[in-house]
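Understanding the architecture of this molecule
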Amino acid sequence: MDPNNLWLGVALIMGVIEAGTISIITVWFVIGALAAYVASWFGADRIVQAVVFVVVSVACLLAFRPLVLKRLASKKASDPTPVGQPGIVTEAIDGAAHTGRVETPDHMSWSADSHDGSTIPVGTKVRITEQRSVKLVVQPCEPDAS
């Protein structure tokens, strides 16, 4: 194997690790390995290549990871949530079995569970009180006082 390709191998391995963990840590070592690869093509010896790898990797990690994490956090916070919206039960909610479905005003069908573990029949108007990943937690709406 060409010694210059060592850094491409390191970049590939770090990329695979990042894809498997999504930790936003090893991606910076991919950049460091690519920088060391470029240094190798300019004739830098192994020690200089290793220094370039470490310096670029750590600099990117310290400089860019906080920015990426902040951006991801703000994106998550701005995602729309159905909490507080009304819905209608389309498949009876069985609190004991944790099964049932609710349709939201935007015509999305969600897996649902009752707030207090009770059974809620089909057609019942509910209020969404919580979202747990892809499952909504609901409670029946108070009947209109007419």
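This write-up is about the structure you can find in this document. Since the structure is predicted, the reported quantities are computational estimates derived from the model, not experimental observations. (Residues numbered from 1 in each chain as written. Predicted model: local features only at pLDDT ≥ 70, side-chain atom pairs only at ≥ 80, totals over all residues. Heavy atoms only, no water.)

**A word on the pairing of strand β4 (residues 125–132)**
- Here strand β1 (residues 86–94) pairs with β4 via three bridges, running antiparallel. Pairing of proline 86 across the sheet is with arginine 127, part of β4.
- Direction of pairing for β4 relative to strand β5 (residues 135–140): antiparallel, over a ladder of six bridges. Across the sheet, the residue bridging to valine 126 is proline 140, located in β5.
- Between β4 and β5, which pair antiparallel and follow one another directly, the connecting turn spans two residues, one of which, serine 133, has a positive phi of 60 degrees. (Pairing = 2+ DSSP bridges. Helix = DSSP H or I, 4+ residues; strand = E, 2+ residues; numbered from the N terminus.)

**Quick word on the pattern of salt bridges**
- For the structure on display, the rule yields one salt bridge.
- Taking the shortest distance from any N to any O, the salt bridge between arginine 132 and glutamate 130 comes out at 3.0 Å. (Salt bridge = Lys/Arg side-chain N within 4 Å of Asp/Glu carboxyl O.)

**So, the environment of alanine 33**
- Relative to the elements of secondary structure, alanine 33 occurs in helix α2 (residues 27–41).
- Residues in contact with alanine 33, not counting those within four places in the same chain, are Trp7, Val10, Ala11 and Phe53. (Contact = heavy atoms within 4.5 Å.)

**What to know about the sheet that holds β5**
- Overall, mixed pairing links the five strands, which are arranged β1-β2-β3-β5-β4 in a closed barrel. Between one strand and the next, the sheet's axes are offset by a mean angle of 50 degrees, whatever the strand orientation.
- Pairing of strand β3 (residues 109–114) with β5 involves four bridges; the strand directions are parallel. The residue of β5 that forms the bridge with serine 114 is valine 138. (Axes fitted to C-alpha atoms, helices over the stretch in contact; angles between N-to-C directions.)

**What to know about a nonpolar patch on the surface**
- Together, Phe64, Leu67, Val68, Leu69 and Leu72 make up a nonpolar patch on the protein surface, roughly 410 Å² of accessible area in all.
- Relative to the assigned elements, leucine 69 resides in helix α3 (residues 46–78). (Patch = residues over 30% accessible without salt bridge, like charges linked within 9 Å, V, L, I, M, F, W, Y side chains within 5 Å. Areas by Shrake-Rupley, 256 points an atom, 1.4 Å probe, with all protein chains shown as cover.)

**With respect to α2**
- Taking 1.5 Å of rise per residue, 15 residues should cover 21 Å, and α2 covers 22 Å from first to last C-alpha, within 8% of that figure.
- If you check which residues of α2 are buried, you get Trp28, Val30, Gly32, Ala33, Ala36, Tyr37, Ala39 and Ser40.
- Downstream of α2 by a residue or two, glycine 43 has a phi angle that is positive, lying close to 90 degrees. (Expected span 1.5 Å × (residues − 1). Buried < 20%, exposed > 50% of the residue type's maximum accessible area, 1.4 Å probe, protein only.)

Purely geometric numbers; function is a separate question.
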